[in-house]
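Descriptive analysis of the structure
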There are 2 protein chains.
Amino acid sequence: MSVWPTTRYRATSVSWMIFRARRPARSSASYWPGRRRTHPPRLPTLLKQQRLPRAGRPLPHNPEDQNFDSRDSRSAHTMPMREQLRNFKKERIMQEAERLFFERGFRGTSLEAIADSMGMTKPFVYGIYDKKTDILYDISLRNISMSLEAVESARQTGGTPADRLAEVARRLTRVCIEHREAVTVFFREEASLEPEHLLVINDMKGRVDRAIGELLQEGVAAGIFQVSDVRIAALAIGGMISWTYSWYRPAGRLSAEDIQSQMALLALRVAGFKT
Amino acid sequence: MSVWPTTRYRATSVSWMIFRARRPARSSASYWPGRRRTHPPRLPTLLKQQRLPRAGRPLPHNPEDQNFDSRDSRSAHTMPMREQLRNFKKERIMQEAERLFFERGFRGTSLEAIADSMGMTKPFVYGIYDKKTDILYDISLRNISMSLEAVESARQTGGTPADRLAEVARRLTRVCIEHREAVTVFFREEASLEPEHLLVINDMKGRVDRAIGELLQEGVAAGIFQVSDVRIAALAIGGMISWTYSWYRPAGRLSAEDIQSQMALLALRVAGFKT
């Protein structure tokens with residue numbers, strides 16, 4: 001069988017080159033719909049096991065790998081080249097999508113535009129993501145994961161509940177300031193998430209609020225905090241810190257560090273901490 | 001001249017009825033583009049004069065009337081019927097648009113969909129609004145005006161700066177809770193506003209923050225508040241209150257009044273008020 005396609009592309013060599021260029025090699029034609037896929041575990045199971053799937057397709061040779069961060073902690077030496085390449089692509093698609101969603105909104109950005117902005121064509125994106133909402137889910141998931149990680153890691157530092165609450169506020173403020181484009185997309189486009197994705201995201205949001213609440217409760221039990229309603233106080237701290245994304249300007253009057261310190265101080269006040 | 005149009009609609013009476021139904025009467029054909037309009041004053045002038053225009057078209061017989069609230073304070077007896085009708089239409093369009101923007105997002109809602117949801121056709125909306133962004137502007141403007149009005153009115157109540165700050169927090173929380181659909185649209189769709197509209201909105205947002213800051217400063221001067229950075233504290237209070245829109249649920253554990261009281265208490269803590 002000839003490698004040449006039907007007469008349509010034979011006559012004009014330029015059209016044929018474009019046709020080739022826009023079409024992946026047959027051997028790696030993994031973007032065709034209808035191919036067999038391993039189905040991810042169902043949501044209730046995931047929530048119970050606290051395993052949080054990424055929306056991007058699992059690698060064919062390792063369908064169990066649903067590790068969240070595409071910047072995998074395994075070194076370049078131990079991770080198979082194919083997986084490295086895939087993670088690199090995923091990372092770049094997420095970066096471009098984040099920027100475009102921020103500038104034009106989720107609905108105003110097509111998968112084609114994301115591919116375009118990387119000088120690629122749509123099949124490049126389809127090789128990693130089936131749907132645009134999956135990219136939004138990954139951006140949201142990374143974002144809320146960073147917040148949760150900031151709160152959880154700060155809670156495990158030593159010191160009194162007051163020291164730890166101040167550290168929680170500092171780290172959470174840093175995430176909101178450093179990743180404010182992602183945070184903006186995250187808050188703005190919540191309604192564009194698939195219902196099952198929103199469930200996961202809201203569950204994680206709840207865990208951030210509960211973690212702050214537990215720390216406040218610990219301080220109350222230790223007699224150093226005074227809070228009449230722990231849950232409202234936790235939401236207030238979360239709110240005043242999250243809000244920084246909307247007003248922080250890199251060229252502003254205060255540095256990011258100054259704002260982190262101020263938020264730590266104000267979080268302690270909300271907690272009724274007596275210095 | 002016959003009232004009947006060209007042969008095209010003469011033959012089928014049903015088509016003609018549809019044609020008539022979708023077409024406004026010629027005498028009130030105010031939605032046709034190209035008609036003469038009075039141009040609104042330029043933005044710097046407006047900002048200086050603190051006159052904030054609504055985006056909807058001014059009434060032909062009273063082009064100077066750029067009163068913000070379509071629910072005009074003039075009674076039904078003194079306001080001309082034509083103006084009353086226009087305000088009623090504007091109000092209804094804003095309500096429907098608010099609901100649809102909240103449910104489907106600004107980009108996901110067409111002017112046609114807004115008209116549809118009222119059982120009307122597009123020209124009905126075009127009679128009041130030229131562009132969809134003008135509706136978004138009016139929703140945003142009303143929303144930020146309510147917040148500003150809540151803060152300004154509370155500042156003018158009697159009592160110490162502490163009494164007034166508590167009242168500011170209570171009233172602002174009430175706006176965020178009662179109008180949380182509008183508030184959600186307002187925060188979510190900011191990027192969809194026209195640049196000149198965004199300028200007006202951001203100016204008013206700044207006025208809300210400055211008003212809180214001035215009240216804090218007053219308390220500091222009176223020796224009852226202790227704040228190391230007045231502007232950050234004002235933004236923190238604004239943030240923790242605004243955030244309520246994202247977590248308040250009508251069927252939740254606490255009533256709206258409870259949350260208002262809690263926010264008043266926490267705002268005083270952020271202000272470093274010593275009880």
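Computed from a predicted model, the values in this text were never measured in an experiment.

Procedures and definitions
- Residues numbered from 1 in each chain as written.
- Chains lettered and ligands numbered in written order.
- Predicted model: local features only at pLDDT ≥ 70, side-chain atom pairs only at ≥ 80, totals over all residues.
- Heavy atoms only, no water.
- Helix = DSSP H or I, 4+ residues; strand = E, 2+ residues; numbered from the N terminus.
- Buried < 20%, exposed > 50% of the residue type's maximum accessible area, 1.4 Å probe, protein only.
- Contact = heavy atoms within 4.5 Å.
- Areas by Shrake-Rupley, 256 points an atom, 1.4 Å probe, with all protein chains shown as cover.
- Buried area = accessible area lost by both parts, 1.4 Å probe.
- Salt bridge = Lys/Arg side-chain N within 4 Å of Asp/Glu carboxyl O.
- Polar contact = N/O pair within 3.5 Å; in protein donor to acceptor, adjacent residues only side chain to side chain.
- Phe/Tyr/Trp six-rings, centres within 6.5 Å; stacked < 30°, edge-to-face > 60°.
- Lys NZ or Arg CZ within 6 Å of the ring centre and 35° of its normal.
- Least-squares fit on C-alpha atoms with pLDDT ≥ 70 in both.
- pLDDT = per-residue confidence, 0-100.
- Expected span 1.5 Å × (residues − 1).
- Axes fitted to C-alpha atoms, helices over the stretch in contact; angles between N-to-C directions.
- Parallel < 35°, antiparallel > 145°, perpendicular 65-115°, else oblique.
- Left-handed = near helix turned anticlockwise from the far one by under 90°.
- Nonpolar A, V, L, I, M, F, W, Y, C, P; charged D, E, K, R; others polar.

1. Some words on the overall build of chain A
- The helix and strand tally for chain A stands at 13 helices and 0 strands.
- By the burial criterion, 48% of the 275 residues in chain A qualify as buried.
- In chain A, 66% of the contacts between residues at least 6 apart in sequence involve partners at least 24 apart.
- Accessible surface, chain A: about 14500 Å² in total, of which carbon and sulfur atoms supply 53%.

2. What about the interface of chain A and chain B?
- Counting residues at the interface gives 32 residues for chain A, matched by 32 residues for chain B.
- When chain A packs against chain B, close to 2900 Å² is buried across both sides, 63% of that on carbon and sulfur atoms.
- Interface area lost by chain A to chain B is led by A:Ile232, A:Trp243 and A:Arg269, which between them contribute 24%.
- There are 2 salt bridges connecting chain A and chain B.
- Of the charged contacts in the structure, one is a salt bridge between A:Arg253 and B:Asp229, with a shortest N-O distance of 3.0 Å.
- Applying the counting rule to chain A against chain B returns 10 residue pairs in polar contact (both at pLDDT 80 or more).
- At 9 residues, the largest contribution of residues to the side of chain A that touches chain B is made by helix H11 (residues 230-242) of chain A.

3. Here we look at the packing of aromatic side chains
- The final tally for this structure, using the stated rule, is 12 aromatic pairs over all chains.
- Their ring planes at 90° and their centres at 6.1 Å tell us that B:Phe225 and B:Phe273 sit as a pair that is edge-to-face. One end of the pair, B:Phe225, is in the loop between helix H10 (195-221) and helix H11 (230-242); the other, B:Phe273, is in the segment after helix H13 (256-270), and 48 residues separate them in sequence.
- Cation over ring: A:Lys132 sits above A:Phe106, and NZ or CZ is 4.3 Å from the ring centre.

4. Concerning the relation of the copies chain A and chain B
- At an RMSD of 0.0 Å, chain A and chain B line up after a rotation of 180° and a shift of 0.0 Å along the axis. Both copies are brought into coincidence by an operation consistent with a two-fold rotation axis.
- A share of 100% of interface residues in chain A that are also interface residues in chain B marks the association as one of identical surfaces.

5. Some words on the confidence of the model for chain A
Residues and elements named next belong to chain A.
- A residue-level look at chain A finds 72% of positions with pLDDT of 70 or above and a mean pLDDT of 80.
- Of the regions scoring below 50 in pLDDT, residues 1-40 engages in 21 contacts with residues more than four places distant in sequence or in other chains.
- Under a pLDDT of 50 for its full length, residues 58-70 has, in the predicted model, 31 contacts with residues more than four places off or in other chains.

6. Observations concerning helix H9 (residues 180-188) of chain A
- Where burial is concerned, most of H9(A) is hidden: 7 out of the 9 residues are buried.
- Listing the buried residues of H9(A) in full gives A:Ala182, A:Val183, A:Thr184, A:Val185, A:Phe186, A:Phe187 and A:Arg188.

7. Quick look at the pattern of salt bridges
Residues and elements named next belong to chain A.
- All chains considered together, the criterion is met by 28 salt bridges over all chains.
- The closest approach of N and O atoms between Glu-152 and Arg-155, which form a salt bridge, is 3.6 Å. In this pair, Glu-152 and Arg-155 are both assigned in helix H7 (residues 132-155), 3 residues apart and thus about one turn of the helix distant.
- Residue classification places Glu-152 among the partly exposed residues on the basis of a relative accessible area of 29%.
- For Arg-155, a relative accessible area of 19% puts it in the buried group.

8. A word on the side chain of A:Arg164
- By secondary structure assignment, the location of A:Arg164 is in helix H8 (residues 161-178).
- Non-local contacts of A:Arg164, meaning those with residues more than four positions away in its chain, are made with A:Ala154, A:Arg155, A:Thr157, A:Gly158, A:Gly159, A:Leu215 and A:Glu218.

9. Quick look at H11(B)
Residues and elements named next belong to chain B.
- The end-to-end C-alpha separation of H11 is 18 Å, in line with the 18 Å expected for 13 residues at 1.5 Å each.
- Listing the buried residues of H11 in full gives Val-230, Ile-232, Ala-233, Ala-234, Leu-235, Ala-236, Ile-237, Gly-238, Gly-239, Met-240, Ile-241 and Ser-242.
- Where H11 begins, the side chain of Asp-229 points an oxygen toward the backbone nitrogen of Arg-231, at a separation of 3.2 Å.

10. Observations regarding the environment of B:Arg249
- The topology assignment puts B:Arg249 in the loop between helix H12 (244-247) and H13.
- Residues B:Arg249 and B:Arg180 lie 69 residues apart in sequence; the distance between their C-alpha atoms is 9.9 Å.

11. Describing the packing of helix H8 (residues 161-178) of chain B against H10(B)
Residue and element names in this part refer to chain B.
- In contact at an axis separation of 9 Å, H8 and H10 are set at 160° when each is read in the N-to-C sense. As far as their axial angle goes, H10 and H8 are roughly antiparallel. Considering how the two elements wind past one another, H8 and H10 form a crossing that is left-handed. For the pair formed by H8 and H10, the contact residues are Pro-161, Arg-164, Leu-165, Val-168 and Leu-172 on the first element and Ile-212, Leu-215, Leu-216, Glu-218 and Gly-219 on the second.
- Taken together, the residues that form the contact of H8 with H10 break down as 7 nonpolar, 1 polar and 2 charged.

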